[in-house]
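Geometric and topological summary
Here is what each chain is made of, one letter per residue.
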Amino acid sequence: MREIRIRFSKTGQAKYISHLDINRAFSRALTRAKINLWYTEGFNPHPFMSFSLPLSLGVESLCESVDIRILDDISDAEIKDRLNAVLPEGIRIVDVYEDFLDSSEIAYSDYVYKLEFKDNEKALERINAVLESDEILALKKGKKGKKRILKETDIKQFIVKYNISLRDGFVVLNIRLLAGSEKNLNPSLLFDTIIRLIDMDFEYKEISRISLLTKDFKEYK
């Protein structure tokens with residue numbers, strides 16, 4: 001048995017596939033690719049699969065990964081080719097390898113927001129003002145007893161750095177957020193918060209996760 005990491009991209013319509021369905025898609029693809037997986041022991045055995053950092057619905061990514069354990073004597077290149085032949089459109093294997101970091105090493109995530117408004121220049125000014133403010137209050141769902149409520153939470157502390165500009169008719173925001181098991185900002189919550197605070201309707205949006213980084217700002221692989 002050996003444990004390997006499969007890095008994959010999730011783009012196009014695949015960004016609307018939930019994390020649970022991504023898990024199912026890989027389970028089916030591994031079966032169709034005839035890759036002999038190691039199963040967990042116990043009352044309800046299932047194939048071992050461990051995803052590094054679940055992605056928000058509607059967000060594309062170039063740096064997803066899932067760890068599996070295989071029993072076959074099969075090359076990494078063959079695993080890549082077999083899976084790419086059976087996975088849904090928009091999910092592509094970009095690399096397969098053995099030597100990898102533990103998911104606990106994830107500390108940051110880099111995103112690109114590509115946005116369009118009727119008045120991009122005004123939107124850029126307002127977004128920049130929001131990001132430069134001392135606090136950015138997001139509305140997060142919570143509970144008070146049995147009642148569901150919206151709580152104000154300052155998400156400014158989760159933003160490490162950013163750059164915003166006008167490019168090719170879009171407002172483009174490159175931003176680094178805290179990520180991982182301890183501190184993690186949902187990129188969709190950030191988007192919803194920005195739109196609410198600038199009080200402008202958007203014409204188009206595209207959010208992509210382009211990299212995951214360790215606390216030393218090295219690429220998580």
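Structure: see above.
Residues numbered from 1 in each chain as written. Predicted model: local features only at pLDDT ≥ 70, side-chain atom pairs only at ≥ 80, totals over all residues. Heavy atoms only, no water.

For the protein chain, the count of helices and strands is four helices and ten strands. Moving toward the C terminus, one meets the helices and strands of the protein chain in the order β-α-β-β-α-β-β-α-β-β-β-β-α-β. For the protein chain, the spread of C-alpha atoms along the principal axes amounts to about 60 × 50 × 30 Å. The buried share of the protein chain, reckoned over its 221 residues, is 45%. The contacts in the protein chain between residues at least 6 apart in sequence include a share of 72% that link residues at least 24 apart. With an accessible surface of roughly 12600 Å², the protein chain has 46% of that area assigned to carbon and sulfur atoms. Within the protein chain, one finds 36 positive and 36 negative side-chain charges whose respective centroids are separated by 6 Å. (Helix = DSSP H or I, 4+ residues; strand = E, 2+ residues; numbered from the N terminus. Buried < 20%, exposed > 50% of the residue type's maximum accessible area, 1.4 Å probe, protein only. Contact = heavy atoms within 4.5 Å. Areas by Shrake-Rupley, 256 points an atom, 1.4 Å probe, with all protein chains shown as cover. Lys, Arg positive; Asp, Glu negative; His and termini not counted. Charge placed at Lys NZ, Arg CZ, Asp CG, Glu CD.)

Further remarks concern a negative patch on the surface. A cluster of acidic residues, E116, D199, D201 and E203, forms a negative patch on the protein surface. Here E203 lies in strand 10 (residues 202–214). (Patch = residues over 30% accessible without salt bridge, like charges linked within 9 Å, V, L, I, M, F, W, Y side chains within 5 Å. Salt bridge = Lys/Arg side-chain N within 4 Å of Asp/Glu carboxyl O.)

Turning to unusual backbone geometry, a few remarks are in order. In this structure, D168 takes a positive phi of about 50° despite not being glycine. When you line up the elements, D168 lands in the loop between strand 8 (159–167) and strand 9 (170–178). Judged by its relative accessible area of 76%, D168 falls in the exposed class. We note that D199 has phi near 55°; this positive angle belongs to a residue other than glycine. The topology assignment puts D199 in the loop between helix 4 (187–198) and strand 10.

The subject of this paragraph is the nonpolar core. Of all hydrophobic cores here, the largest spans 34 residues; its most connected members are Y113, F117, I127, L131, I175, L190 and I198. When contributions to this core are tallied by element, the ones reaching two or more residues are strand 5 (106–117), helix 3 (120–132), strand 8, strand 9, helix 4 and strand 10. When residues no more than four places from it in sequence are discounted, the contact partners of F117 are A123, I127, V171, I195, I198, M200, D201, F202 and E203. If you look at the next biggest cluster of nonpolar residues, it comprises 23 residues, including I6, A14, I22 and V66. (Core = buried A, V, L, I, M, F, W, Y, C linked by side-chain atoms within 4.5 Å.)

Let us look at the packing of aromatic side chains. According to the stated counting rule, one finds seven aromatic pairs in the structure shown. Ring plane angle 65° and centroid distance 6.3 Å describe the contact between W38 and F48, whose orientation is recorded as edge-to-face. Of this pair, W38 sits in the loop between helix 1 (19–32) and strand 2 (49–51) while F48 sits in the loop between helix 1 and strand 2, and the two are ten residues apart along the sequence. Taking relative accessible area as the criterion, W38 reaches 22% and is therefore assigned partly exposed. On the basis of relative accessible area, F48 is assigned to the buried category, the value being 17%. Connected via pairs of aromatic rings, a cluster forms that spans F8, F26 and F51. Positioned over the ring face of F170 is K114, at 4.4 Å from the centre of the ring. (Phe/Tyr/Trp six-rings, centres within 6.5 Å; stacked < 30°, edge-to-face > 60°. Lys NZ or Arg CZ within 6 Å of the ring centre and 35° of its normal.)

Another point: the pairing of strand 8. Judged from the eight bridges that link them, strand 8 and strand 9 form a sheet pairing that is antiparallel. The residue bridging R167 from the neighbouring strand is F170, located in strand 9. (Pairing = 2+ DSSP bridges.)

Further remarks concern empty space enclosed by the protein. Using the criterion set out here, one finds one cavity of 30 Å³ or more in the structure. Within this model, the largest cavity holds a volume of roughly 80 Å³. Around the largest cavity sit F8, K10, H19, I22, F51, S52, L53, P54, L55, E64 and S65, which together line it. Among the elements of the structure, strand 1 (2–10), helix 1 and strand 3 (60–70) are those that each provide at least two residues to the lining of the largest cavity. (1 Å grid on protein atoms, 1.4 Å probe; cavity = no way out; pocket = protein on both sides within 12 Å on 5 of 7 lines; lining within 4 Å. Points joined across faces, edges and corners; volume = space filled by probe spheres on them.)

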